[in-house]
Every structure is written in structure tokens, then in C-alpha cells.
Amino acid sequence: MTDTTFQEETIIRTSGSHNCGGRCIVKAHVKDGRIVRITSDDERPDTDKRPQLRGCLRCRAYRSYLYHEDRLKYPMKRIGKRGEGLFERISWEEALGTIADHTKRIMAEYGPEAIYLSYATGNAGKTSEQVWMRRLLALYGGYLDYYGTYSSACTNAATPYTYGTVNSGSSREDWVNSKLIILMGFNPAATIHGTNTAYYLKKAKEAGAKIICIDPLYSDTAVALADQWIPIRPTTDSALLDAMAYVIITENLQDQVFLDTYCLGFDEDHMPEGIPAGNSYKSYILGTGTDQVPKTPAWAERSTGIPREIIIQLAREYALNKPGALIQGFGPQRHAYGEQPSRSGAALAAMTGNIGIKGGWASGCGSPCRKQYVGSIPINNPCKAAISMYMWPLAIQKGTELGKREGVRGVDKLSANIKLIFNLAGNCLINQHSDTNGTAELLGDENLAQFIVVSDHFLTSSAKFADILLPGDNFMEREDIVLPWSAGDYVLFMNKAVDTVYECRNGYDWIRDLAERLELTAEFTQGKTLEDWLRFIVDETRKENPGFPSYEEFKEKGVYDWEYEEPAIAFKEQIEDLRHHPFPTPSGKIEFFSSRLWELDKPAEVPAIPKYIPAWEGPEDPLRGTYPLQCIGHHTKRRVHSMFDNNDWMEEAEAQVFWISVYDAKKRGIKNGEKVCIYNARGKVILTAKVTPRIMPGVVSIPQGGWWSPDKEGIDQRGCINTLTKYQPTPLAFANPQHTNLVEVAKLDQMEAEK
Ligand SMILES: Nc1nc2c(c(=O)[nH]1)N[C@H]1C(S)=C(S)[C@@H](COP(=O)(O)OP(=O)(O)OC[C@H]3O[C@@H](n4cnc5c(=O)[nH]c(N)nc54)[C@H](O)[C@@H]3O)O[C@H]1N2
Ligand SMILES: Nc1nc2c(c(=O)[nH]1)N[C@H]1C(S)=C(S)[C@@H](COP(=O)(O)OP(=O)(O)OC[C@H]3O[C@@H](n4cnc5c(=O)[nH]c(N)nc54)[C@H](O)[C@@H]3O)O[C@H]1N2
Ligand code: SF4
Ligand SMILES: [Mo]
């Protein structure tokens with residue numbers, strides 16, 4: 001190479017560790033201690049089986065994040081009102097001393113259930129701040145844990161009621177064997193769901209698969225890959241699936257042998273004992289059971305907005321083109337009754353016998369069925385209480401009133417309200433949680449949550465609510481080990497590219513200093529440096545997998561690929577030999593009907609079979625008279641949730657705009673590029689309208705992740721969808737229904753004129 005500037009560069013291999021949907025090889029080109037450019041996987045062999053792990057725009061633009069002038073540089077303490085965003089620089093000494101004092105006080109006064117580590121996904125490394133804080137608090141007496149994720153809580157909770165596990169996904173390489181691929185609310189071309197997922201879909205298309213996208217948006221995936229786009233009203237996927245089941249049953253297209261052999265609760269002849277007649281799935285679909293409503297395509301047309309002929313065509317296509325893969329993203333389940341679509345999808349997969357076979361797909365959660373063991377930092381939390389990750393506002397207000405009915409696990413009732421929050425690398429205190437206005441009011445009350453610690457890179461809306469705000473390091477500035485986001489048979493070593501800037505510190509570094517103040521240094525560190533702990537993780541991994549490379553080799557290569565001959569097929573063993581490999585459900589079968597759900601005795605909201613339940617703030621809610629538009633907040637390529645929102649390069653790549661259909665815009669006199677106000681009873685948002693045929697009439701979208709920026713009147717000036725979302729946990733998962741919202745929109749000048 002003749003270019004001397006290139007010769008002077010050192011290339012460091014790492015990977016992003018934020019919650020971006022992927023994990024890629026990211027190569028930092030470092031010169032004089034600064035990253036001068038970023039490239040990706042361009043050396044390793046690029047095969048169909050092992051495509052390179054090439055990065056997307058976000059890590060490629062990471063220089064503009066790393067060297068952003070607004071980056072938090074020093075520890076700070078709050079000087080204004082909580083949430084106001086006024087801070088004063090302090091020393092690490094003072095910051096850690098204050099945190100230690102409050103931790104001691106709150107632990108002594110209220111016990112471990114008052115200490116909460118909030119859901120925060122900015123750092124998914126094996127040795128993240130979250131991990132270290134958990135370890136320290138566990139040693140100190142414990143902390144209130146959470147279960148579930150804002151990502152997939154509903155499908156995670158629901159899928160095991162059908163299959164006994166969430167691991168219902170086959171390898172993506174297997175999609176080349178599918179004749180038909182139906183993507184329901186799944187947009188991996190922009191919303192990465194495992195690095196290379198869109199690539200595998202492309203391969204399947206090249207191999208002849210027909211691809212159908214069911215989504216209120218004509219998504220990037222639909223644009224790039226779909227043979228057909230079927231727009232659907234949000235919250236109504238189960239209605240569509242019910243009607244497809246109706247067509248399949250009435251036209252006798254179901255795989256009856258499969259149903260009779262592997263399934264429980266499909267028809268009245270295969271029900272658990274003791275259940276009254278009329279409660280099978282088939283009775284529900286045909287309307288011969290308890291509700292007497294046949295779930296016909298005409299019935300589903302009213303809710304879904306999909307013409308009945310299309311529903312009939314889709315049902316026939318799925319039943320007759322085997323093998324077929326009905327794949328659901330997480331969009332359809334981030335809704336009021338988000339538990340239903342994943343079980344409805346699994347029901348269809350079972351009816352068509354598409355489970356456990358090449359080219360099929362079991363639907364449901366779709367988490368990969370093949371798991372590889374990688375070691376972890378030991379954490380032994382003596383406090384057994386856990387809440388759903390979405391229930392923390394209630395646990396702040398009235399924790400001691402919450403028990404099993406509200407999804408509390410590990411104890412019958414909580415013994416304390418949350419008093420101390422550690423929010424380390426997350427923006428879910430405000431921005432990414434529901435109802436920002438309501439949540440801000442709650443967090444503003446210092447008598448409730450008494451002390452809040454935040455670690456971040458920027459003064460985000462959640463960071464503004466910190467009492468002590470700490471400047472974290474980022475993935476270019478540390479070493480770690482990280483796993484694929486979901487699918488992918490590899491592990492990555494993250495090498496450090498550059499030193500931390502200003503007074504930003506690594507988590508192990510400052511939490512070790514905090515451990516010292518809690519007199520737990522020896523227990524916490526076990527005499528180990530961070531590198532020793534990374535070696536420990538590799539050693540643990542090698543104990544289970546002797547083929548795993550040495551620490552040195554892993555670090556040098558930056559990636560380890562698990563080797564397999566064949567793609568994994570979920571439930572292959574069960575389908576080939578059910579007697580020796582029952583499904584991990586109570587009955588050992590695929591459960592259309594779940595006795596466990598029946599016993600919950602909440603049939604209207606948590607039925608024992610999958611059903612369409614019309615959502616509050618869905619298309620059938622009378623509130624549509626006032627707020628006629630369904631507002632979702634899809635994930636976009638330019639952000640990792642709220643990350644990169646303050647980034648000019650990303651704004652240039654994809655500006656934050658409000659998606660509205662040509663039809664709805666015209667009705668309101670809104671032109672493309674005009675400022676509009678989107679509002680409901682919970683808040684107001686100002687944003688520029690993108691008037692587009694790429695969203696169906698009746699539906700609008702504020703891409704999620706815009707930074708909540710209320711003006712003096714509380715009107716959000718940047719477009720945080722959660723200004724408009726409702727805080728109402730779903731009935732089974734106690735999770736976030738953040739795509740279920742009704743709103744109205746008006747031209748801004750019109751609103752101002754009316755004032
Ligand atoms: N670029 C990028 N990639 C990401 C992320 C990111 O922030 N940016 N985040 C990552 C994370 S943590 C997660 S959890 C995943 C999120 O992945 P998803 O939850 O799957 O993403 P969403 O954009 O919320 O929804 C996917 C699609 O569902 C559609 N949709 C919404 N409601 C419905 C409905 O009721 N029915 C149907 N059929 N479709 C519906 C949306 O229009 C969208 O096109 O993405 C990961 N990947
Ligand atoms: N309305 C609506 N709300 C949603 C969603 C939706 O679809 N609609 N999606 C939900 C989903 S799927 C998820 S997963 C959540 C995600 O919600 P969050 O977990 O809050 O994710 P981010 O917005 O990416 O916030 C990560 C924060 O960590 C900081 N950070 C990044 N890396 C590091 C690090 O190494 N160290 C430190 N100290 N800080 C770091 C970033 O600056 C950022 O502020 O949002 C949920 N919220
Ligand atoms: S998918 Fe994630 S890890 Fe890969 S380049 Fe994009 S942001 Fe980075
Ligand atoms: Mo997520």
C-alpha cells in the first residue's frame with residue numbers, strides 16, 4: 001500500500017454492544033490515539049453458510065458518536081429540580097461517596113427490595129456496568145430484580161404456553177428451503193434482527209420463495225423483498241390469523257394427522273380432561289363454542305382492514321405451499337393484548353404441519369432453538385423478588401401492594417417500594433418507557449424514588465432525572481465479550497481501540513471503587529482485574545466447549561464461529577419421535593389449549609386458547625371518535641432506540657419525521673414537509689410530516705427513539721412517541737403495549753390560529 005496514512009493506522013477489531021439488533025465485526029482504524037475511520041468485516045471468507053458480519057450505518061458512523069461535543073465528561077450532581085437538567089461537576093470521590101451513603105441508608109431502612117436496577121440496554125457486554133452493579137448489590141444484600149424485556153415480553157411470556165419454551169426458531173439458513181415466507185410485523189432490512197437476517201431472506205427469495213409482508217407500513221423489508229404487501233391495522237393480527245384458520249378448517253386444508261398426533265386442544269376430541277365442551281380452538285374458530293361467532297374472513301375484514309378475498313387467498317397459499325414459514329417480528333406483540341398473536345401464529349404453524357420440518361417455522365417467539373454456552377460473571381442475588389421490567393412505576397408508587405396478581409415473582413408480596421434506582425446505560429426511565437409526562441411527574445417526586453443514579457454518554461431525558469450522573473465509557477474504549485443479539489452462531493471479542501476521554505470510566509473500575517466504600521472489595525473482585533475476569537469467562541466457556549479457542553487466540557481473531565454441519569430446526573426431535581422427546585409443556589404436546597392459562601381464570605384477557613381480543617385504543621375502540629388514528633412507533637435504521645438521535649450524520653441519513661398516509665394528510669390539509677401537532681389526552685408532539693403511500697390510511701407512525709424535548713408548555717419538540725403512549729401493562733406478561741395508541745393530528749399553524 002502506497003498511502004502512508006494507511007500504513008500508520010492500527011486496525012482494532014471489536015463489535016458494537018448496544019441493543020441494536022445485530023452484532024458485527026467493527027474495525028477501528030486508529031492513528032495517533034484517535035479513530036480516523038471505521039470499516040467492517042472485509043477479510044474473512046464470505047460464504048452462504050457464513051456470510052461476513054458486516055456492520056450497518058450506526059457503527060460505521062460511530063466516530064461522530066464517540067467524539068460528539070456533548071458527550072458527558074465528568075461526574076455531576078443535580079442542582080436544580082429533578083428532571084430539570086441542571087447539574088454541577090463533582091469529583092469521582094464525591095460521586096461514589098454519595099452513592100455509597102444512599103445505598104447504605106436505603107438498604108438499612110427499607111431492605112433490598114427498595115433497590116432497583118432498571119432495564120437498560122445500552123451495554124450488552126458480558127462485563128457491563130449492569131453486570132458489575134448486580135454483582136456488587138448481590139454481595140451487599142440483594143436488589144429487586146426484573147424479568148422480561150421491552151423488546152419481546154409478550155411473545156416471551158406467551159410462546160411457552162404453546163411450546164413449553166421460547167426457543168421456537170430454526171436457523172435462518174433453513175429459509176432457502178421454504179416455498180412461502182410470511183413476515184408479520186418483521187422488518188429486518190432496517191430493524192436489524194440478527195446480523196444478516198435480511199441476507200438470508202434474500203437468499204430464500206433467490207431460491208424461489210414467495211415473500212409476503214403483513215405490516216401497516218410498506219417497510220424497507222417489504223420494499224426490498226416482498227412479492228406482496230398486505231397492510232394490516234395494528235393490534236389485529238390475531239383476527240387475521242383466526243380467519244385464516246377458519247378458511248383452512250372449512251376448506252379442510254389442515255394437516256389433521258399432525259394435529260391428532262402432536263397437539264392438544266385443537267378440537268373437542270383432543271381436550272384436557274375436565275374442561276367443559278365448546279372450549280376447543282376449532283369451536284372458537286367456527287363459532288360453535290362459547291361465543292357463537294364464526295371467525296370468517298368477513299368478520300376479520302372489519303377489524304384488520306384486509307379485504308376478505310385477500311385473507312382467503314393468504315390462508316390457501318399458506319396451507320397449500322408447504323413448507324412455509326410464518327415469521328413474526330416483535331411489532332405485533334408490543335400491543336395491548338400482545339400475548340395473543342404469537343400463540344395464534346403458532347396455532348397456524350401447527351395446523352399446516354409446518355413445525356419441526358425443513359423450510360417450516362414454528363412461529364411464536366422465534367428465539368433460536370440452538371444455544372451455545374458462554375461463561376458469565378457470577379451473581380448470586382439473595383433477594384428473590386422480581387417484577388416485570390415494565391412494572392417499576394407501580395413499584396415506586398405502591399410496591400408493597402403488589403403481589404403475584406401483578407406479576408411479582410419470588411415472593412408473595414413486595415416488602416418495600418422502590419427507593420433507589422440504578423439506571424446504567426439506559427433511557428427507559430423516561431424516553432423509552434410509556435407516558436413520558438406521567439412518568440416524569442412520578443420521578444420528580446423525591447419522596448417516592450429517593451435517589452437515582454444514571455450512567456450514560458449524553459444528557460438524555462432519563463439522565464436529566466439523575467441525582468448523580470456518571471460519564472460511562474463506550475465500546476471503543478474497553479475490552480469485553482459479546483454474544484449475537486439473537487440469531488447467529490458466533491461470539492465476539494471486543495478489543496479496546498482508544499483510551500477513554502475526560503473522566504469517563506469503565507464500569508468495573510468505578511464499581512470496584514464503590515465496593516471499597518461498601519467494604520466488599522475482596523468479595524467483589526476476588527483479586528481479579530477486568531482482564532482476569534474476561535479470561536475467567538473464556539475458561540468457563542472452554543470447560544463446556546473444549547474446542548473454544550484460548551483467550552489469546554480469541555482476542556486476536558476477535559470472533560469465534562461455532563461449527564455445525566446442519567442448520568438447526570426447532571422441534572425436529574419432537575416431530576420425529578414424540579414418545580422419547582415430548583414437548584416441554586405439561587401435556588408433552590403442542591398446546592392450542594393451555595390448562596395453565598385456563599387456571600388463571602382471566603378468560604376475557606388471558607384466554608386458554610389464542611384469540612383475537614379487540615384492543616383498548618385499537619380500531620374498535622369508541623375513543624376513535626375523538627382520536628381517529630392508530631399511532632405506532634416503528635424502529636428505524638438510523639437509531640438504536642434513543643441512541644444516535646442527537647447525531648447529525650444519522651439525521652442526514654434518515655430524518656426524524658412523522659409518517660402519515662396520503663389519504664389522512666389530504667383529509668387534514670397536511671402537506672409533505674409541513675409541521676404538524678400529533679396529540680391525545682396524554683400529550684402533544686410537534687414533528688415534520690412525511691406524507692407517504694408507504695403507510696396505510698388510519699395508521700400513523702412516530703419512529704420510536706426521538707429524544708423527549710418538552711417546551712415550556714410541555715409540548716414535545718423532537719418527536720418522542722412515548723409522549724403519547726399509555727402506561728397500561730398487558731394482562732399476562734405485565735408488559736409494554738407501546739404500539740397501541742390513538743391520536744389525532746393537525747397542522748401546526750391551524751392549531752396556533754385556534755389558540
Ligand atoms: N435499526 C434498528 N434495529 C433494531 C433496533 C433499533 O432501534 N434500530 N432495536 C432492536 C431491538 S432492541 C428490538 S426489540 C428489535 C425490535 O424489532 P420489532 O419490534 O420487530 O420492530 P418494530 O419496528 O417495533 O416492529 C416491526 C414492524 O412491525 C410493524 N407493526 C407494528 N404493529 C404491528 C401490528 O400490530 N401488526 C403487524 N403485522 N405489524 C405491526 C411495524 O410497522 C414494523 O414494520 O429491533 C432491534 N433492531
Ligand atoms: N414507544 C416505544 N417505546 C419503546 C420501543 C418501541 O418500539 N416503542 N421499543 C422498546 C425496546 S424494544 C427497547 S429494547 C427499549 C430500549 O430502551 P433503552 O434500553 O433505554 O435503550 P436506548 O434508548 O438504546 O438507551 C441506551 C442508553 O445507554 C447509553 N449507552 C450506550 N452505550 C453505553 C455504554 O457503554 N455505557 C453507558 N454508561 N451508557 C451507554 C446511550 O447513550 C443511551 O442513552 O425501548 C423500548 N421503548
Ligand atoms: S448491527 Fe449493531 S453491531 Fe452491527 S454495525 Fe449495526 S449497530 Fe453496530
Ligand atoms: Mo428491544
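Residues numbered from 1 in each chain as written. Chains lettered and ligands numbered in written order. Predicted model: local features only at pLDDT ≥ 70, side-chain atom pairs only at ≥ 80, totals over all residues. Heavy atoms only, no water.

As recorded in an unreviewed UniProt entry, the chain goes by Anaerobic dimethyl sulfoxide reductase, A subunit, DmsA/YnfE family and comes from Pelosinus fermentans B4. The chain has a UniProt comment under Cofactor (unreviewed entry) that states "Mo-bis(molybdopterin guanine dinucleotide)". According to the UniProt record, the Sequence similarities (unreviewed entry) comment for the chain is "Belongs to the prokaryotic molybdopterin-containing oxidoreductase family." (UniProt positions renumbered as here; feature names shortened; annotations may be inferred.)

A. Inspection of the overall build of the chain at higher detail. When its secondary structure is counted, the chain shows 25 helices and 26 strands. Expected size for 755 residues packed as a compact globule is a radius of gyration near 27 Å; at 26 Å, the chain falls within 12% of this value. Counting the 755 residues in the chain, one finds 62% classified as buried. Nonlocal contacts in the chain, meaning residues at least 24 apart in sequence, comprise 73% of its contacts between residues at least 6 apart. (Helix = DSSP H or I, 4+ residues; strand = E, 2+ residues; numbered from the N terminus. Rg over C-alpha atoms; globule rule 2.2 N^0.38 Å. Buried < 20%, exposed > 50% of the residue type's maximum accessible area, 1.4 Å probe, protein only. Contact = heavy atoms within 4.5 Å.)

B. Inspection of empty space enclosed by the protein at higher detail. A full pass over the atoms with the stated rule returns seven cavities of 30 Å³ or more. For the second largest cavity, the lining is made up of 26 residues, of which Arg172, Glu173, Tyr200, Gly488 and Asp489 are closest to its centre. (1 Å grid on protein atoms, 1.4 Å probe; cavity = no way out; pocket = protein on both sides within 12 Å on 5 of 7 lines; lining within 4 Å. Points joined across faces, edges and corners; volume = space filled by probe spheres on them.)

C. The arrangement of helix α12 (residues 297-304) in detail. Among all positions in α12, only Pro297, Trp299, Ala300, Ser303 and Thr304 are buried. Down the axis of α12, the buried side of the element spans an arc of 150°, and every buried residue falls inside it. Packed against the buried residues of α12 are α9 (237-250), α11 (281-286) and α13 (308-320). In the stretch just after α12, Gly305 is the one whose phi turns positive, near 80°. (Arc of directions from axis to C-beta.)

D. Region of interest: unusual backbone geometry. In this chain, Lys322 is followed by Pro323 through a cis amide linkage whose omega measures -5°. The phi angle at Glu519 is positive, at roughly 55°, despite the residue not being glycine. Along the polypeptide, Glu519 turns up in the loop between α17 (507-517) and α18 (521-525).

E. Structural detail: the pattern of salt bridges. All told, the structure shown has 49 salt bridges when counted by the stated rule. Between Lys27 and Glu43 there is a salt bridge, with the nearest N and O atoms lying 3.2 Å from each other. Here Lys27, found in strand β2 (residues 26-31), pairs with Glu43, found in the loop between β3 (34-40) and α2 (57-60); they are 16 residues apart in sequence, far enough to count as distant. By relative accessible area, which is 4% here, Lys27 ends up buried. Accessibility expressed as a relative area gives 53% for Glu43, which makes it exposed. Here Glu552 and Arg535 are joined by a salt bridge, their closest N and O atoms 2.8 Å apart. Of this pair, Glu552 sits in helix α20 (residues 551-557) while Arg535 sits in helix α19 (residues 530-544), placing them 17 residues apart in sequence. Residue Arg535 is classed as partly exposed on the basis of its relative accessible area, which comes to 28%. The network of salt bridges with shared partners includes Arg638, Arg639, Asp645, Glu651 and Arg718. (Salt bridge = Lys/Arg side-chain N within 4 Å of Asp/Glu carboxyl O.)

F. Molecular detail of the site of ligand 2. Residues in close proximity to ligand 2 total 34 residues, the closest being Thr121, Asn427, Gln432, Asp456 and Ser642. Contact between ligand 2 and Gln704: a nitrogen atom at 3.5 Å from a side-chain N or O atom of the residue. Surface burial for ligand 2 is 98%, taken as the share of its 920 Å² of free accessible area covered by protein chains. Of the residues belonging to the shell around ligand 2, the class tally is nine nonpolar, 20 polar and five charged. Looking at which domains feed residues into the shell around ligand 2, each of domain 1 (76-149 + 384-477 + 500-527) and domain 3 (622-753) gives three or more. (Near = heavy atom within 4 Å. Polar contact = N/O pair within 3.5 Å; in protein donor to acceptor, adjacent residues only side chain to side chain. Areas by Shrake-Rupley, 256 points an atom, 1.4 Å probe, with all protein chains shown as cover. Nonpolar A, V, L, I, M, F, W, Y, C, P; charged D, E, K, R; others polar. Domains from an automatic or database assignment.)

G. Representation of the sheet that holds strand β26 (residues 742-747) in the model. Here we have six strands rolled up into a closed barrel, ordered β21-β25-β22-β24-β23-β26, and mixed in their pairing. Each adjacent strand pair in this sheet contributes to an overall mean axis angle of 45°, direction not counted. In the sheet, strand β23 (residues 675-680) pairs with strand β24 (residues 683-692) via six bridges, with the strands oriented antiparallel. What sits directly across from Asn680, in β24, is Gly683. (Pairing = 2+ DSSP bridges. Axes fitted to C-alpha atoms, helices over the stretch in contact; angles between N-to-C directions.)

H. Inspection of the site of ligand 1 at higher detail. In the vicinity of ligand 1 lie 36 residues, with Ile192, Asp215, Asp237, Arg334 and His739 positioned nearest. Within the side chain of Arg334, one N or O atom sits 2.7 Å away from an oxygen atom of ligand 1. For ligand 1, a nitrogen atom lies 2.8 Å from a polar atom in the backbone of Arg639. Across the shell around ligand 1, the residue classes tally to 13 nonpolar, 17 polar and six charged.

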